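# Analysis of the macromolecular model
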Amino acid sequence: MMKLNKVLLVDDSQPSNFLSKLTLQKHGINCSIDECLNGKKAVEYLRKSEECPGVILLDINMPVMDGFEFLENYKNEAKCFDKSKVFMLTSSARDEDKNKSMKHDFVKGYFAKPLTEEHVEEILASLQ
Amino acid sequence: MKKFEAYLAGLVVVITALTLCGWQFDIELLKRPLPRMIAMNPMTAVSLLALALSVLCLVNAEGRKGFLLATRSFALFSIVIGVTRLMAFTGIHDFGIDVLLFKQAIDAEAARNILNTMAANTAFSFIVFGIVIFISATENGRLKMIGNYFLVVVFIIGLMAIISHLYGVRERNGILWYLTMAPQTGFCFVLLALAVLFNNRDFGFMYNLSSPNAGGKMSRFLIPSAIFIPVLIGFIRVYVHLKTPTSEELGISLLITSIIITLLILITYVSWHLNETDVARTIAEEQLKHTIEELQTTEERLQLANEGTAAGIWDWMDVNSSDRWWSPQYFKMLGYENNEIKPTSQILAEQIHPEDADRAAHILLENTSKSRRFEMEVRYKTKNGQYKWFQVTGQGRLDKNGKLRRLAGSMIDIDEKKRALDVIKNQAMLIQMVPDGIVFSTKDRIFYDLNAGAEKMLDLKREEVVGKLSDNYISINLPRNVKFREAEKELWKNGFWRGEVEITNLITGKKVYVLTSLKTIENMIGDVPGFMAIFTDLSPLRINEELKIALAKLERNNEYLEQLAYISAHDIKAPIITLQGLTEMLRQQVPGTQGYNDMLDMLKSTVHHMQLTNNSLNHILKLQRNLQSRRELQDEVFSFKTMLDEVRSLLQHNIDMAKASVEFEVKGFEKVKFHYVHLKSIVYNLLNNAIKYRDEAKPLAIKITAVRINEKSLSLEIQDNGLGMDLDQNRGKLFGIFKRFHDHVEGSGVGLHIIKSIVDAYGGSVSVKSKLGEGTTFSIVFESIIVE
């Protein structure tokens, strides 16, 4: 099992990020968890950080740069591209949104909020 | 002629009766009118009387049985007398028949050596004559012909008796003893023979003599001459000899010379007469020939005319016969060679179309019985079996009793004409049936005709408007950029014009919007030019167009609402989920601890966010409702500058906080007519955004410029020197709901959406120029604003 170094939460809702962080920790993720309030900030985070996060939990609806735009930009991030496993975490249950996300190979899962134990297990399973 | 024959016979009756009187009363003059003349035997007189009566009966019989019986009885009597007397001559037995009457007187005269017995030739004549009468009473022409020759014999016997007496022949010796017929008797026989010959003039040589032709005429002239002239000359010879006795030879010489001279004169006369007749006949023949030639020419001319004319001639010469006559053209019209078939009533009955037969018979009956000219159109089957239309005319000729005798007339082929007419009829029907309006008008715009479609479309009544000036009934409004005169000029130049026009019925006020196609007609009525107008009603299309627009609008609204519902769902769902999670967590925390307080803050923040979202949504929904049900009545006239001032005062606090300079410029106008709240909302949001997304690094300068474009449009520009946006990435969602480009200040993400919604609703456009770090310029063009 690969050691999970870091998780990045990308969501403009701080309460939502707070809840996600609690759920991850509760189900055995002990590494550091960072958060960005929109896609643009996440891109900047990736460029600045020395170590790319093993998992990114991404919301879709965000100001400035939304989740889809982030995915497009992420592909161009030479340093971190393909080093993080991306999971969508959104309140949108639309198939349209799910398909649009899952067409990217590096998107490994599409979770409807809130984050649950099953979601965490799936994240962990993807690391093996 | 019958009378003539009866007179001859009647004369005989008179002579015989007088003779018998003479015997009865012993009157010498009646017995022998001239002295030394042989007297007629009384029995001869009786027999002649019987024969005369017999002839009278024969002449007047005319097929009546009683008369014929009397004829035969009288004839039989004379034969019996003749036979009885001949028996005496031949020595068989002498019944003394000739002395049965007035025996004493006869015997007394015989004593004086005066012969009064019935002569043998008389008896013979009685027998022959009786037989001829028997024959004449039959219907056998051949026997009558032979009978006529016997009558000639009797005639000559009678004539001989007369001549003998005339010349005073005295010889009684030898055979002559037997031939002592009295001249009166001979005369009677001559008369009776003539009577019967005339009666039988239709038979044998008598037919020839009685002919009206030259031969008949000639013989009727020559025969009496041939009899009387020699007799007369002979008499003269005998008389002269008595007075001055000459030698026999000289007498005969003179006699023969006289006869020759007479005959020569006769022949010369006859030949002259014949020649005259012949010349006349030749001339007549010439004339006849000429006439025939003329007739032939006329007939040829008629034939030529027949062949030349398109009409066939027919003739039903005798309506009681089934035979007809057709001219060559008539045959040709039915596809036959001349006289290929024999025209009869039966052929005609076969040729006529079954549907036309009754009608044709009716027309014929109706008119021909009154000798009126008739005319009818019927179909006849041609040789190849196809029916063709013909126009048949004719007239009947009546006989003396007013009955139809003959029918004749002509026939012409009207098939093509009829078919052409059918086509015209169909087209006329088509014109009536099409839903499009079709109007025929003269060049001077006088209604000539219009179809049902035009009546309905233009709300006109055909019978009321035809012949009237159309300008009094309808007015035509051409498209805005087309002038009436130009359209008219184009029509008469090109013969065609098409365009969409609005036609107003000036009486009822009904308006129609129609596609009009005009086509000129060179000779519409005689040589009067006109044009045809076809109107296609575009009103339904227009309604359709409007429906389409409304539908599109509805679809856009639906789409918008769907999007709004989705966005609302998401933006409300997301915080609810968070709230659920937070409350769950909160239960596990001990009140008063740091974690508990943090969670409470989170809860508050989430609820606040929800309230903002809710407010924004309410705002948008209200605006949309407002925009959709907007009425022009809500528009009001206000000063643009005043409105700007009011917005500035509303945001004065923010302006002061940002230390911004706000500059207004209104060019070329003062007041506008528009929805005050909506215009204010646009300016408010733009100004607010400019303040919010300012660049803290430099002093904020905002410039609002309004410029009049024309009486119905103006442009509004708001320029700032703020943060700017990366439009390459975000142009598509600039005006979306809850889209935000900066998250360092609180915003609802609906401002630009509101602006765009309002501008779209009123008709206009929003454009934006922006550059990160340099600033943003929003430009709005209002297209339906009244600028004063």
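Let me begin by describing the structure that accompanies this report. (Residues numbered from 1 in each chain as written. Chains lettered and ligands numbered in written order. Predicted model: local features only at pLDDT ≥ 70, side-chain atom pairs only at ≥ 80, totals over all residues. Heavy atoms only, no water.)

All names here are of chain A. Tallied over the entire structure, the rule returns one disulfide over all chains. Here Cys52 connects covalently by a disulfide to Cys80, the sulfurs 1.8 Å from one another. Measuring handedness by torsion sign, the sulfur bridge of Cys52 and Cys80 sits at about -80° and is left-handed. Of the two residues, Cys52 is situated in the loop between helix 2 (39–48) and strand 3 (55–58) and Cys80 in the loop between helix 3 (67–74) and strand 4 (85–90); the sequence distance between them amounts to 28 residues. Each member of the pair, Cys52 as well as Cys80, carries the same accessibility label: buried. (Disulfide = S-S within 2.5 Å. Helix = DSSP H or I, 4+ residues; strand = E, 2+ residues; numbered from the N terminus. Buried < 20%, exposed > 50% of the residue type's maximum accessible area, 1.4 Å probe, protein only.)

Turning our eyes to something else, we now look at unusual backbone geometry. The peptide bond linking Lys113 of chain A to Pro114 of chain A adopts the cis configuration, its omega dihedral lying at 0°. Secondary-structure assignment places Pro114 of chain A in the loop between strand 5 (107–112) and helix 5 (117–127). Phi is positive for Asp26 of chain B, which is not a glycine, with a value near 55°. Within the secondary structure, Asp26 of chain B is located in the loop between helix 1 (2–25) and helix 2 (28–31).

Glancing now at the sheet that holds strand 13 (residues 661–667) of chain B. Residue and element names in this part refer to chain B. Strand order in the open sheet formed by five strands is 13-15-16-18-17, and the pairing between neighbours is mixed. Both edges of this open sheet fall to strand 13 and strand 17 (764–771), since each of them pairs with a single strand only. Put simply, the sheet's adjacent strands are angled 10° from each other on average, direction ignored. Where strand 17 meets strand 18 (residues 775–782), eight bridges bridge the pair, whose relative direction is antiparallel. By the bridge assignment, Lys771 is partnered in strand 18 with Gly775. Against the sheet, helix 21 (residues 640–650) touches strand 13, strand 15 (701–710) and strand 16 (713–719), its axis set at about 165° to strand 13. (Pairing = 2+ DSSP bridges. Axes fitted to C-alpha atoms, helices over the stretch in contact; angles between N-to-C directions. Contact = heavy atoms within 4.5 Å.)

What follows is about the pattern of salt bridges. Any two side chains of opposite charge can pair, so long as their charged atoms come close to each other. Summed over all chains, the structure comprises 34 salt bridges over all chains. Across the salt bridge formed by Lys113 of chain A and Asp11 of chain A, the nearest N and O atoms sit 2.7 Å from each other. With Lys113 of chain A in the loop between strand 5 and helix 5 and Asp11 of chain A in the loop between strand 1 (6–10) and helix 1 (14–26), this pair connects stretches of sequence that are 102 residues apart. Among the charged side chains, a network of salt bridges with common partners joins Glu355, Asp356, Arg359 and Arg379 of chain B. (Salt bridge = Lys/Arg side-chain N within 4 Å of Asp/Glu carboxyl O.)

Attention shifts here to the interface of chain A and chain B. Contacts between chain A and chain B engage 25 residues on the former and 21 residues on the latter. Together, the buried faces of chain A and chain B total about 1,900 Å²; carbon and sulfur atoms form 57% of this surface. Three residues, Leu19, Val64 and Ser91 of chain A, lead the burial of chain A against chain B; their summed loss comes to 28% of the area buried on that side. The interface formed by chain A and chain B holds zero salt bridges in total. (Buried area = accessible area lost by both parts, 1.4 Å probe.)

Residues and elements named next belong to chain B. For the pair helix 4 (residues 65–89) and helix 6 (residues 120–136), the least separation of the axes is 8 Å and the interaxial angle reads 150°. It follows that helix 4 is roughly antiparallel to helix 6 by the angle criterion. When you trace helix 4 past helix 6, the crossing you get is left-handed. Along the contact surface, helix 4 presents Thr71, Arg72, Ala75, Leu76, Ser78, Ile79, Gly82, Val83, Arg85, Leu86 and Phe89, while helix 6 presents Ala120, Ala123, Phe124, Phe126, Ile127, Gly130, Ile131, Ile133 and Phe134. For the contact of helix 4 with helix 6, the residue count by class is 14 nonpolar, four polar and two charged. (Parallel < 35°, antiparallel > 145°, perpendicular 65-115°, else oblique. Left-handed = near helix turned anticlockwise from the far one by under 90°. Nonpolar A, V, L, I, M, F, W, Y, C, P; charged D, E, K, R; others polar.)

With that settled, consider the nonpolar core. Residue and element names in this part refer to chain B. Phe640, Met643, Ile702, Ile704, Ile780 and Phe782 are the most contacted members of the largest nonpolar core, which totals 57 residues. Sorting elements by how many residues they give to this core places helix 23 (residues 676–692) first, with eight residues. In this structure Ile702 touches Ser661, Val662, Glu663, Leu687, Ala690, Ile691, Ile718, Gln719 and Asp720, once residues within four positions along its chain are discounted. By size, the runner-up hydrophobic cluster in this structure holds 42 residues, among which are Ala45, Leu48, Ala75 and Leu151. (Core = buried A, V, L, I, M, F, W, Y, C linked by side-chain atoms within 4.5 Å.)

Let's shift gears to the environment of Thr368 of chain B. All names here are of chain B. Relative to the elements of secondary structure, Thr368 occurs in helix 14 (residues 354–368). Among the residues examined, Thr368 registers a relative accessible area of 6% and is labelled buried. Residues Thr368 and Arg397 lie 29 residues apart in sequence; the distance between their C-alpha atoms is 8.0 Å. Once residues lying within four places of it in the same chain are set aside, the contact partners of Thr368 are Phe374, Leu398, Leu404 and Leu407.

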